[in-house]
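One-letter residues, chain by chain:
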Amino acid sequence: MKMKIIFKSGEAKYYNGKSKSGEIMLVSSEKKAKDFSSRAKGALNQIGNQLCNDRGAVGYEYIN
């Protein structure tokens, strides 16, 4: 499962995990995005909400 983040400009980015310093890493290609298990959905929801509140994302969705 991969997480797709949609921004106000219509641009879509994909979640690629966090760096060692705790920064959220986003990539522009679905192939480069990190694949997560369905058990991680709760943690991914928190990250998606954080991106919507802090970075101006409109929404997020999961891709299998």
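Description of the structure in this document.

Points about the sheet that holds strand β2 (residues 12-18)
Link 1 in the chain: On the basis of which strands lie adjacent, the open sheet formed by 4 strands has the order β3-β2-β1-β4 and antiparallel pairing. Of all strands in the sheet, those bounded by a partner on one side alone are β3 (24-27) and β4 (57-63). For this sheet, the mean inter-axis angle between neighbouring strands, taken without regard to orientation, is 35 degrees.
Link 2 in the chain: In the sheet, strand β1 (residues 2-7) pairs with β4 via 6 bridges, with the strands oriented antiparallel. Following the sheet pairing, Ile-6 is matched in β4 by Gly-59.

Let's talk about the pattern of salt bridges
Link 1 in the chain: Applying the stated rule across the entire model yields 2 salt bridges.
Link 2 in the chain: A salt bridge links Glu-11 to Lys-13; its shortest N-O distance comes to 3.7 Å.
Link 3 in the chain: For Glu-11, a relative accessible area of 39% puts it in the partly exposed group.

Parameters at a glance
Residues numbered from 1 in each chain as written. Predicted model: local features only at pLDDT ≥ 70, side-chain atom pairs only at ≥ 80, totals over all residues. Heavy atoms only, no water. Pairing = 2+ DSSP bridges. Helix = DSSP H or I, 4+ residues; strand = E, 2+ residues; numbered from the N terminus. Axes fitted to C-alpha atoms, helices over the stretch in contact; angles between N-to-C directions. Salt bridge = Lys/Arg side-chain N within 4 Å of Asp/Glu carboxyl O. Buried < 20%, exposed > 50% of the residue type's maximum accessible area, 1.4 Å probe, protein only.

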